[in-house]
Amino acid sequence: DAGVIQSPRHEVTEMGQEVTLRCKPISGHNSLFWYRQTMMRGLELLIYFNNNVPIDDSGMPEDRFSAKMPNASFSTLKIQPSEPRDSAVYFCASSPRTSGYEQYFGPGTRLTVT
Amino acid sequence: QQPVQSPQAVILREGEDAVINCSSSKALYSVHWYRQKHGEAPVFLMILLKGGEQKGHDKISASFNEKKQQSSLYLTASQLSYSGTYFCGTPGGSARQLTFGSGTQLTVLP
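Fair warning: this is a prediction, and the values are worked out from it, not measured in the lab.

(A) Structural context of the interface of chain A and chain B. The interface of chain A with chain B comprises 22 residues on the first partner and 16 residues on the second. Of all residues in chain A, A:Leu43, A:Tyr101 and A:Phe105 bury the most surface against chain B, accounting for 32% of the area lost on that side. There are zero salt bridges connecting chain A and chain B. Residue assignment for the side of chain A that touches chain B shows that the elements contributing at least two residues are strand 4 (29–38), strand 5 (42–50) and strand 9 (88–96) of chain A. Among the elements that take part in the side of chain A that touches chain B, strand 4 of chain A stands out by supplying five residues, more than any other. Counted by class, the side of chain A that touches chain B contains 10 nonpolar, nine polar and three charged residues.

What follows is the structure, encoded as structure tokens:
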């Protein structure tokens, strides 16, 4: 089975530009998570969707960040405008409906904002 | 609230045992453990549930202390492939949401 798919794998952009990260969860999983990982702050939960509905977005740093999940097989995380401090690895993870709630992470998108 | 992991780093030889701790200020009803190798995504290892039940890896075990405010991960007879950063995750607003600790870097030498 295919795992969580993220694109792009690497993104380099200039400050002020819009960045869109994409995620396709594992088929049949009903929960989706967006994380950000940096050396300074570790692995932080940004937003959590359950059945395509945002449940908790308290981890979203500020209004420049937004996330959507229009259907069960696709989610986006958008940063507009981007800033150098947004540079990080962004992971998407999904979790199955019936389980101990283990999460399966995608390979991540390494974002560099110059 | 972020759980506190200890030690921050550990180095051991192949075949030795290691223990990684994860502490919380409140009683835990589950703890998740993940391992991340350099440049890769975190990978699920196991879940420890409040009754002591464990689901996941067959060569790694975990336990709670008496007050269930600390979980310990036991790695026995370490293999080179065990090297990586280990994260514990504790449920937050819901059972599905996890707050991860800062990680323990484990290095297994031949």
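(B) View of the pairing of strand 4 (residues 30–36) of chain B. Residue and element names in this part refer to chain B. Among the seven residues that make up strand 4, seven are buried, leaving the element largely enclosed by the rest of the structure. Residues Ser-30, His-32, Tyr-34 and Gln-36 of strand 4 are buried on one face, and the alternating residues Val-31, Trp-33 and Arg-35, pointing to the opposite face, are buried as well. The antiparallel hairpin formed by strand 4 and strand 5 (residues 43–49) contains six residues in its connecting segment, where Gly-39 sits at a positive phi of about 80°. Two elements, strand 4 and strand 9 (residues 84–91), share five bridges in a ladder whose sense is antiparallel. The residue bridging Tyr-34 from the neighbouring strand is Phe-87, located in strand 9.

(C) Examining the state of the cysteines more closely. Counted under the stated rule, the structure contains two disulfides over all chains. Disulfide pairing is shown between A:Cys23 and A:Cys92; the S-S distance is 1.9 Å. Sign of the S-S torsion, about -65° for the bond between A:Cys23 and A:Cys92, identifies this disulfide as left-handed. Of the two residues, A:Cys23 sits in strand 3 (residues 19–24) while A:Cys92 sits in strand 9, which places them 69 residues apart along the sequence. Between B:Cys22 and B:Cys88 runs a disulfide, and the two sulfur atoms are separated by 2.1 Å. Note on the B:Cys22 and B:Cys88 pair: the S-S dihedral is about 75°, so by sign convention the disulfide is right-handed. A residue pair is termed long-range when its members are at least 10 positions apart, and B:Cys22 in strand 3 (residues 18–23) and B:Cys88 in strand 9 qualify at 66 residues.

The rules behind each value
Residues numbered from 1 in each chain as written. Chains lettered and ligands numbered in written order. Predicted model: local features only at pLDDT ≥ 70, side-chain atom pairs only at ≥ 80, totals over all residues. Heavy atoms only, no water. Contact = heavy atoms within 4.5 Å. Buried area = accessible area lost by both parts, 1.4 Å probe. Salt bridge = Lys/Arg side-chain N within 4 Å of Asp/Glu carboxyl O. Helix = DSSP H or I, 4+ residues; strand = E, 2+ residues; numbered from the N terminus. Nonpolar A, V, L, I, M, F, W, Y, C, P; charged D, E, K, R; others polar. Buried < 20%, exposed > 50% of the residue type's maximum accessible area, 1.4 Å probe, protein only. Pairing = 2+ DSSP bridges. Disulfide = S-S within 2.5 Å.

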